[in-house]
Amino acid sequence: MTTTLHDRPRTDTVRGAGRASRRHGTGPQARQQRRMFLPFTAPAILAYAVLFLAPVGYAIWTSLYKWDGMGAMEWRGLKNYQLLFEDPFFRTSLVNTFKLMVIGGTLTFAISFLLTLVLREMKARLFARSVLFFPCLVNGMVFGIAAGFLFSPDGPVNQALHFLGVTTPPKWLSTDNLLPMILGTLVWTATGYYTAIIMAAVDQIPPHLYEAAELDGANAFQRFRHVTLPCAWDVISVCAVLWTVSSVKIFELILLFGGTSSSYPPAESWNTALYVYTQAFPQATVPRLGMATAAALVSLVMVTVVTVVMRRLMRREPLEY
Amino acid sequence: MRSEHGSPGPVRRIATAFVWCVVAADLLLILWIALTSIRGSTDILHEAFGLPLPPHFGNYAKAFDEGGFGPAALNSVVVSTASSLVAVALAAPCAYALARRRTRTSSALTMTFAMGLGVPGQVLVVPLFVGMAQVDLTDSQFGLTLVYVGLAMPFTVFMLTGFFSGIPAVLEEAAALDGAGPLRSFVQVVLPVARGGLITAFLLQFISAWNETLFALVLTHSQEQITLPVALASFVASAQLNGLDYGTMFAGVCVILAPMIALFSWMGTRIIQGMTVGIGK
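Just so you know, these numbers come straight off a predicted model, no measurement behind them. All residue numbers refer to position in the chain's written sequence, counted from 1. Lettering for chains starts from A, numbering for ligands starts from 1, and both go in the order in which the items are written. Whole-chain, interface and lining totals are the exception, using all residues; otherwise, since this is a predicted model, local features are given only for residues with pLDDT of at least 70 and side-chain atom pairs are given and counted only at 80 or more. Side-chain numbers come from the whole structure's heavy atoms, not from hydrogens or water.

> Would you mind showing me how to read the overall build of chain B here?
Comment: elements are numbered from the N terminus, with helices defined as DSSP H or I runs of at least four residues and strands as E runs of at least two. Helix and strand counts for chain B stand at 13 helices and zero strands. Along chain B, helices (α) and strands (β) appear in the sequence α-α-α-α-α-α-α-α-α-α-α-α-α when read from the amino end. Taken over the C-alpha atoms alone, chain B extends approximately 75 × 70 × 35 Å along its principal axes. The rule is simple: take the accessible area with a 1.4 Å probe, protein chains only, and divide by the maximum for that residue type; under 20% is buried, over 50% is exposed, in between is partly exposed. Each of the 281 residues in chain B was classed as buried or not, and the buried ones make up 53%. Residues count as neighbours in contact if any of their non-hydrogen atoms are within 4.5 Å of one another. Considering only residue pairs separated by 6 or more positions, chain B has 74% of its internal contacts joining residues 24 or more positions apart.

Following this line, the structure appears as structure tokens:
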């Protein structure tokens, strides 16, 4: 140890050459770091490669075959993708995934901004924030089951409506209404989470900016538009990416919405996750693993494209404050 | 810190009232689920909102015995705890090395891990099912644990890398001067300082493993191996054939819900911070 220390004269650090030598990997610290690098990273890389990256590669491979999981794999090339887009069920689920992403995202972020606006200047905001945050820690099935009971034909919601004089309430859980109901539940459970992230960013904004804006006579909305939004923009764009990724993963909420799980939920409410599940693990027919992985990869491409486009569109000069 | 304005405008008052309504709705929903879980099924159908008089704690006994929620709860605890522990144990040294060594390789690796964040679970479900079947690890808690460890890698490494870069490197330099090797200074100097971040990473992983449904449904099926979400899904499925037993169903819902409520009331700020700061950076 002492010998290596002598390699680097004290003056080097002062002149900043220590930093340079670190970059070239000659300093003792750098040598240590290089020696530790492989043993430290190898286990995680191995787990990631075997349990995550290899499966992604295998999915790409499988998506080019016709395969029921048992018999021989039959080469189909890109025909799986063509068949996929000819399948009305897949088209519905792709459109639904988009609806959840775009409509759900717009509503979630609009409400999150409103909540941030209100919560910022509210009493007991920490408590309110915590309660609003909690639903994102709950399994989506819980909301599906609760909604299935609350909105059942003779359920409490309809009883309350009947009491208010509404004799023909909407058929909440009919096939046509399932997706809007799912969307509503999703927005309700997700807003708290995004509000918490945006608020964490908003808390970092120095109060003097708000005070200055107030002195200039800015109202709450103007303060939001000209102070909060630009200062929190970075975090908001990360949130948008996060939403895109997580909206495509939604599964258990749809699977059990309205308590429908003795058979799969009606195809009108599927998203691509459900489509993959029903193709790969069908109840009565032969599994179509090639189609399932192809559908999964389409949703991966969708996430990637939307994310890249969004990051492009949302890029702004970073703001120093 | 915050300047008080005179009297709040009507818009603000309405908005504040609205926020409190949503907060109240959230709390009431949880309260309603808890109360419904100890009411008789006929009472529930008769009157959706009501007090559990007399309380039917038998719902829980029934859920644990007939619904299979008992063994499932145990499995959930085992799989979630084991997978989160292993995930953090693997990710921590890796994230530390990535945070400290700034080279092209390390930033490429960091990117590779971060890219995993964008891969939806449905891409992995078929390959992992096929792969696990080949090594005979389907319908086993060990197999499910392994899968959760793999799924946890991107987020845990990503989050901990951010966390470790926030710890000043002076600490290890001092340790190195005292003659500690990299392993020793990591274990004895860095890890104790990083305890908070490790606990947060563990908690977040535990929560996501506890609620994970897709892989659990696909990879486990026998009563001895399933986790709570699978038990609940199959209970709902069988309830549609045998008539709805809402009391027992909500008892099952409570078994899934209760640990999350407990964790959140105990470590709420830490969980919120972990889920927000880790992403905000």
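Still more to cover.
> I tried to follow the overall build of chain A on my own but got confused; where do I start?
When its secondary structure is counted, chain A shows 16 helices and two strands. Taking all 321 residues of chain A together, 52% fall into the buried category. Put simply, of all contacts in chain A between residues at least 6 apart along the chain, 67% involve residues at least 24 apart. Methods summary: accessible areas were calculated by the Shrake-Rupley approach with a probe of 1.4 Å, and residue burial reflects only the protein chains presented. As displayed, chain A has an accessible area near 15,700 Å², and 64% of this comes from carbon and sulfur atoms.

> It is not clear to me how the packing of aromatic side chains should be interpreted in this structure. Could you clarify?
How two aromatic rings sit relative to each other is set out by the distance from centre to centre and by the angle between their planes. Here a Phe, Tyr or Trp ring, Trp counted by its six-membered ring, pairs with any other such ring whose centre lies within 6.5 Å, and the pair is stacked when the planes are under 30 degrees apart, edge-to-face when over 60, and tilted otherwise. Going through the model one piece at a time under the given rule, you end up with 36 aromatic pairs over all chains. Between A:Tyr264 and A:Tyr277, the aromatic rings sit 5.4 Å apart at their centres with planes inclined by 70 degrees, giving edge-to-face as the arrangement. With A:Tyr264 in the loop between helix H14 (252–255) and helix H15 (272–280) and A:Tyr277 in helix H15, this pair connects stretches of sequence that are 13 residues apart. An angle of 55 degrees between the planes, with centres 5.9 Å apart, marks the rings of B:Phe69 and B:Phe235 as tilted. You can see B:Phe69 sitting in helix H4 (residues 69–100) and its partner B:Phe235 sitting in helix H12 (residues 228–242), a full 166 residues away along the chain.

> I keep staring at the pattern of salt bridges and nothing clicks. Help me out?
Pairs can form between side chains of opposite charge once their charged atoms are near each other. Residues and elements named next belong to chain A. Here, a salt bridge means any Lys or Arg side-chain nitrogen found within 4 Å of an Asp or Glu carboxyl oxygen. As enumerated under the stated definition, the model contains five salt bridges over all chains in all. Between aspartate 203 and arginine 125 there is a salt bridge, with its nearest N and O atoms 3.8 Å apart. With aspartate 203 in helix H10 (residues 175–203) and arginine 125 in helix H7 (residues 125–133), this pair connects stretches of sequence that are 78 residues apart. By relative accessible area, aspartate 203 is classed as partly exposed at 31%. The shortest N-O distance in the salt bridge between aspartate 203 and arginine 129 comes to 2.9 Å. Of this pair, aspartate 203 sits in helix H10 while arginine 129 sits in helix H7, and the two are 74 residues apart along the sequence.

> Can you help me understand the packing of H15(A) against helix H6 (residues 121–134) of chain B in this one?
Angle between the axes and distance between the axes: these two values describe a pair of packed helices. Running from N to C, H15(A) and H6(B) cross one another at 15 degrees; their axes reach a closest spacing of 9 Å. As the angle between them shows, H15(A) and H6(B) are arranged roughly parallel. Remark: the crossing between H15(A) and H6(B) carries right-handed chirality. Along its contact with H15(A), which presents A:Thr272, A:Ala273, A:Val276 and A:Ala280, the element H6(B) presents B:Gln122, B:Val125 and B:Val126. Three classes are used, and their members are as follows: Ala, Val, Leu, Ile, Met, Phe, Trp, Tyr, Cys and Pro are nonpolar, Asp, Glu, Lys and Arg are charged, and the others, Gly among them, are polar. Here the residues of the contact of H15(A) with H6(B) sort into five nonpolar, two polar and no charged. Where helices are involved, their axes are fitted lines through C-alpha atoms of the stretch in contact, as for all axes, and angles between N-to-C directions lie from 0 to 180°. Any angle that is under 35 degrees is reported as roughly parallel, and any over 145 degrees as roughly antiparallel; angles of 65 to 115 degrees are reported as roughly perpendicular and all others as oblique. Here a crossing is called left-handed whenever its near helix is offset anticlockwise from the far helix by less than a right angle, and right-handed whenever the offset is clockwise.

> Mind showing me how you'd approach the interface of chain A and chain B here?
How big an interface is tends to be expressed through the accessible area that disappears when the partners come together. Chain A puts 93 residues into the contact, and the matching count from chain B is 92 residues. When two parts are brought into contact, each loses some accessible area as probed by a 1.4 Å sphere; the total of that loss over both is the buried area. Taken over both partners, the interface formed by chain A and chain B buries close to 8,100 Å², and the fraction arising from carbon and sulfur atoms is 77%. Across the contact surface, chain A and chain B share zero salt bridges. Polar contacts here mean pairs of N or O atoms no more than 3.5 Å apart (in protein, one a potential hydrogen donor and the other a potential acceptor; neighbouring residues in sequence count only if both atoms are side-chain atoms). Taken together, the links from chain A to chain B amount to 10 residue pairs in polar contact (both at pLDDT 80 or more). Considering each element in turn, the side of chain A that touches chain B owes the most residues, 21 residues, to helix H4 (residues 28–62) of chain A. Split into classes, the residues belonging to the side of chain A that touches chain B amount to 69 nonpolar, 13 polar and 11 charged.

> Can you walk me through the packing of helix H6 (residues 88–119) of chain A against helix H16 (residues 289–314) of chain A in this structure?
All names here are of chain A. Two numbers describe how H6 lies on H16: the axes approach to 12 Å, and their chain directions differ by 30 degrees. Our classification of the angle between H6 and H16 gives roughly parallel. The chirality of how H6 crosses H16 is right-handed. Of the residues in H16, those in contact with Phe90, Leu94, Thr97, Phe98 and Met101 of H6 are Ala295, Val298, Met302 and Val306. Split into classes, the residues belonging to the contact of H6 with H16 amount to eight nonpolar, one polar and no charged.

> Before we go on, may I ask you to explain the side chain of B:Arg12 in this structure?
Position of B:Arg12 relative to the elements: it lies in helix H1 (residues 10–36). Using a relative accessible area of 19% as the deciding quantity, one classes B:Arg12 as buried. Contacts of B:Arg12, omitting those with residues within four sequence positions, involve A:Leu117, A:Val118, A:Glu121 and A:Ala220.

> What am I meant to see in the UniProt feature "transmembrane region" (unreviewed entry) in chain B here?
UniProt positions are given in the numbering used here, feature names are shortened, and annotations may be inferred rather than shown by experiment. Here, the residues flagged by UniProt with the feature "transmembrane region" (unreviewed entry) are residues 12–35, 77–99, 111–133, 145–171, 183–207 and 246–266 of chain B. Taken end to end, residues 145–171 of chain B comprises 85% helix and 0% strand; its first and last C-alpha atoms sit 35 Å apart.

> How do you make sense of the state of the cysteines when you look at a structure like this?
Defined simply, a disulfide is a covalent bond joining two cysteines at their sulfur atoms. By convention in this document, the label disulfide applies to cysteine sulfur atom pairs within 2.5 Å. Scanning the model with the defined rule gives zero disulfides over all chains in all. Just so you know, A:Cys231 is unpaired, no disulfide at all, and the nearest cysteine sulfur is the one on A:Cys239, 15 Å from it.

> I tried to follow the confidence of the model for chain B on my own but got confused; where do I start?
Any residue range with low pLDDT should be treated as having predicted coordinates unsuitable for detailed reading. Within a predicted model, pLDDT stands for the predictor's per-residue confidence, ranging from 0 to 100. Per-residue pLDDT for chain B has a mean of 89; in total, 95% of the residues score no lower than 70. On the interface metric, ipTM, the complex scores 0.90, and its pTM is 0.90.

> Explanation requested: the environment of A:Leu64 in the structure shown.
All names here are of chain A. Relative to the helices and strands, leucine 64 resides in the loop between H4 and strand E1 (65–66). For the pair leucine 64 and proline 169, spaced 105 residues apart in the sequence, the C-alpha separation amounts to 48 Å. In this structure, leucine 64 is in contact with Glu74, Trp75, Arg76, Gly77, Leu78, Asn80 and Tyr81, ignoring residues within four places of it in sequence.

> Looking at this structure, I do not really get a nonpolar patch on the surface. What am I missing?
Residue and element names in this part refer to chain A. Patch definition: residues above 30% relative accessible area lacking any salt bridge, with like charges linked at up to 9 Å and the nonpolar side chains Val, Leu, Ile, Met, Phe, Trp and Tyr linked at up to 5 Å. Together, Phe98, Val102, Ile103, Leu107 and Ile111 give the surface a local cluster of nonpolar side chains, amounting to about 390 Å² of exposed area. Mapped onto the fold, leucine 107 is located in helix H6. Leucine 107 gets classed as partly exposed once you look at its relative accessible area, which sits at 40%.

> Help me out: how do you make sense of unusual backbone geometry in this one?
For residues other than glycine, phi is negative in most cases, and the peptide bonds are mostly trans. A positive phi angle, close to 65 degrees, is found at B:Asp136, a residue other than glycine. Relative accessible area serves as the criterion here: at 66%, B:Asp136 is assigned to the exposed category.

> I would appreciate a short explanation of helix H12 (residues 220–231) of chain A in the present structure.
Spacing of three or four residues puts side chains on the same side of an α-helix, whose turn is 3.6 residues. Between its first and last C-alpha atoms H12(A) spans 15 Å; for 12 residues at 1.5 Å apiece the expected length is 16 Å, and the two agree. Restricting attention to buried positions, one finds in H12(A) the residues A:Arg223, A:Phe224, A:Val227, A:Thr228, A:Leu229 and A:Cys231. By this rule, a helix spans an expected 1.5 Å times one less than how many residues it contains.

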